[in-house]
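Next come the chains, spelled out residue by residue.
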Amino acid sequence: MASSTSTGEIFVPEEDNFLQRHVAFFDRNKDGIVYPSETYQGFRAIGCGYLLSAFASLFINMGLSSKTRPGKGFSLSFPIEIKNIHLAKHGSDSGVYDKNGRFVESKFEEIFAKHSKTHPDALTNKELKQLLNSNKEANDRKGAIAAFTEWKILYYLCKDKNGLLHKDTVRAVYDGSLFEKLEKQKASKKHA
C-alpha cells in the first residue's frame, strides 16, 4: 500500500499500480511528492539535457500538480502527489494505464499489434507517429501534446541504432523500471 512521509515513512508505490511506479522514480527523496526540482533531477539522471529537463519539470509539474491534489489550494511549488497520480491521466493516450493507474496488458499488446508493421516487437518513428494520430481524441489538444511529448522523449532516449523503439523498452517505461536502468547506464558511463 502507498504510504507517505507525512507520518515519517518512505513512500512505496502500490505493487500493481504501474502509474505510481512510473512516477515514483522522479520522487528523489521518496516522500510521495514530486517537486519540479525532483522532476528536473530525474530527467537529468536518465540522460536528458539541461533544457529538456528544465522544460519537462515545468511542463509536467505545472500540468499535473493541481490534478493530484484534490481539495487543496493552488501551490506555487507545484507538487505532484504520487498516490493521486491516476487523477492526472490525460486523454489521447494509449489506454495502457486504466483509470486507477494499473497496467492493462491487452492495451499494451494492441500498440504493437496495430502499429508495429516493419518489426513485430518494435516501432519505427513513422509507426510511432501513426500510433499518436490514432490515439488523438477530438478537441483534446492538451492530451495530444502530452502524449506526443512523452512518446517523443522516449523515442529520443531509447531508440536503437536502427531507429527502432523496442517493445520491452516501452513496457519498462510503463512500469518505471526503464528510468532506473537509464540512470545506471548514465552513471556507469560517467565513471568509465
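Structure first, text after, so check above.
Calculation criteria
Note on numbering: residues in each chain are counted from 1, in written sequence order. At least 70 in pLDDT is required for a residue's local features to be given in this predicted model, at least 80 for side-chain atom pairs to be given and counted, and no such filter applies to totals for whole chains, interfaces and linings, which use all residues. No hydrogens and no water enter the side-chain calculation; it runs on all heavy atoms of the structure. In the sections that follow, a salt bridge refers to a side-chain nitrogen of Lys or Arg positioned within 4 Å of a carboxyl oxygen of Asp or Glu. Each residue's exposure class comes from its accessible area (1.4 Å probe, protein chains only) as a fraction of the maximum for that residue type: buried when under 20%, exposed when over 50%, partly exposed otherwise. For every element, the axis is a line fit to its C-alpha atoms; helices are fit only across the contacting stretch, and the angle between N-to-C directions ranges from 0 to 180 degrees. Runs of H or I in DSSP of at least four residues are treated as helices and runs of E of at least two as strands, each being numbered from the N terminus. We call two directions roughly parallel when the angle between them is under 35 degrees, roughly antiparallel when it is over 145, roughly perpendicular when it lies between 65 and 115, and oblique otherwise. For a crossing to be left-handed, the near helix must be turned anticlockwise from the far one by less than a right angle; the clockwise case is right-handed. Note on contacts: a residue pair qualifies if any of its non-hydrogen atoms lie within 4.5 Å across the two residues.

*Asks:* Just give me the short version of the pattern of salt bridges, but keep the residues and values in it.
*Replies:* One pass over the structure, following the stated rule, counts 11 salt bridges. Of the charged contacts, one joins Lys89 and Asp93 as a salt bridge, the two residues approaching to 2.9 Å between their closest N and O atoms. Given the relative accessible area of 29%, Lys89 is considered partly exposed. One continuous salt-bridge network, built from bridges that share partners, spans Arg69, Lys72 and Glu81.

*Asks:* Could you give an account of the packing of helix α5 (residues 125-135) against helix α6 (residues 141-158), with specific residues and numbers?
*Replies:* For the pair α5 and α6, the least separation of the axes is 11 Å and the interaxial angle reads 160 degrees. One way to sum up the angle between α5 and α6 is to call them roughly antiparallel. The handedness of the crossing between α5 and α6 is right-handed. Every residue of α6 that contacts α5 at Asn125, Leu128, Lys129, Leu131 and Leu132 is listed here: Ala147, Phe148, Trp151, Lys152 and Tyr155.

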